[in-house]
Each structure stands twice: as C-alpha cells, then as structure tokens.
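One letter stands for each residue in the lines below.
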Amino acid sequence: MRPEYALLIAINTKLKALGFQIEGVNTFPRVEVHSLIGTETGEKAETQWVVTGLMDIITQSSAPDSAYGIVNTITTNINESLQVSGYNVYIWVIESTEDFEETSDNDDVISRVLIRFRAELNKL
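A short tour of the structure in this document, coming up. (Residues numbered from 1 in each chain as written. Predicted model: local features only at pLDDT ≥ 70, side-chain atom pairs only at ≥ 80, totals over all residues. Heavy atoms only, no water.)

**Notes on the packing of aromatic side chains**
Here's step 1: What the rule picks out here adds up to 1 aromatic pair.
Here's step 2: Aromatic side chains W92 and F117 sit 4.9 Å apart centroid to centroid with 15 degrees between the ring planes, which places their arrangement in the stacked category. Remark: F117 occurs in strand β4 (residues 109-123) and W92 occurs in strand β3 (residues 87-103); sequence separation between them is 25 residues.
Here's step 3: Given the relative accessible area of 0%, F117 is considered buried. (Phe/Tyr/Trp six-rings, centres within 6.5 Å; stacked < 30°, edge-to-face > 60°. Helix = DSSP H or I, 4+ residues; strand = E, 2+ residues; numbered from the N terminus. Buried < 20%, exposed > 50% of the residue type's maximum accessible area, 1.4 Å probe, protein only.)

Structure below.
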C-alpha cells in the first residue's frame, strides 16, 4: 500500500476515534484530510518516505475558536505514535496553520483552519 494512502487511512481512523466527523458537505464540525503527497527519500530500497498533506478543520461559526479547539485536540493526539499499516512514523510535524472565514450559500459563516503536516515513515 502506498504510504500516503496508508497514512490517510490511519489519520481518518484516529480522527473518528477522537469523535470527529470526516465527511458530509453539511456536517459541522468536520475534519477533512486531503492533498497528500508521498515522496520517497531517494534511498534504493524505497523504505523511507515523506508524506505531506492538509487537514481542513471546518466549523459553522463566525469565530475560529471552535476550529482551534479541534486543532489543539488533533495536535495533542496525532503524533509519532500514529498506527500506520505497514509503516512506522518516526517524525510527525505540523508545519503551519492558516485560518480563514467563508460564507456558505445559505449565508452561514464557516470558519476553517488548514493544518499543513509532514510525516516521515519507514516501511516495515
């Protein structure tokens, strides 16, 4: 299994275990994981990979406080101990966060926080 797909499954499993919704256009709050890019590190056996991606925390609120509460829970509970099938995560880094606000078709205010993360994995 490709490392980015294995990591996606592991993150979504962890998010569900933490009680977060991960799908549904009109489901709030929810956390979506996307834009995963896997890059092997150039080592011949292809056992070391770097995977970068985004987590999108989406809340129906005019203030980003509730989204940042979810960010805090995620950053506290997702780390190098994440169980990824076929891989060992030896580095987990939150590289950046960015918050912004948008208005839905119903004029509801939606606060979003994007978390850019990087994981470095060894194939087992």
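On we go.
**Re the pairing of strand β2 (residues 48-59)**
Within a regular strand, the side chains alternate between the two sheet faces.
Here's step 1: Most of β2 sits inside the fold, with 10 of its 12 residues counted as buried.
Here's step 2: Summarising the sheet, strand β1 (residues 30-40) and β2 pair through 9 bridges and their orientation is antiparallel. Paired with E32 across the bridge in β2 is D56. (Pairing = 2+ DSSP bridges.)

**Describing the nonpolar core**
Here's step 1: With 28 residues, the main nonpolar core has I11, M55, I57, I74 and W92 as its most contacted residues.
Here's step 2: Every residue in contact with I74, bar those within four places of it in the chain, is listed here: L15, F20, V31, M55, I57 and I115. (Core = buried A, V, L, I, M, F, W, Y, C linked by side-chain atoms within 4.5 Å. Contact = heavy atoms within 4.5 Å.)

**A word on a nonpolar patch on the surface**
Here's step 1: On the surface, M1, Y5 and I9 cluster together to form a nonpolar patch covering roughly 320 Å² of accessible area.
Here's step 2: Note on placement: Y5 falls in helix α1 (residues 3-17).
Here's step 3: Its relative accessible area of 47% is what places Y5 among the partly exposed residues. (Patch = residues over 30% accessible without salt bridge, like charges linked within 9 Å, V, L, I, M, F, W, Y side chains within 5 Å. Areas by Shrake-Rupley, 256 points an atom, 1.4 Å probe, with all protein chains shown as cover. Salt bridge = Lys/Arg side-chain N within 4 Å of Asp/Glu carboxyl O.)

**Structural notes on the pattern of salt bridges**
A side chain with one charge can pair with a side chain of the opposite charge if their charged atoms come near.
Here's step 1: For the coordinates displayed, the defined rule picks out 5 salt bridges.
Here's step 2: As a salt-bridge pair, R112 and D56 come within 2.1 Å of each other at their nearest N and O atoms. Note that R112 is positioned in strand β4 and D56 in strand β2, a separation of 56 residues in sequence. The pair R112 / D56 is uniform in exposure class, with both members buried.
Here's step 3: Between R118 and E120 there is a salt bridge, and its shortest N-O distance comes to 3.1 Å.
Here's step 4: You can call E120 buried: its relative accessible area is 15%.
Here's step 5: Here the residues in one salt-bridge network are E95, R118 and E120, joined through shared partners.

Honestly, it's all geometry; don't read function into it.
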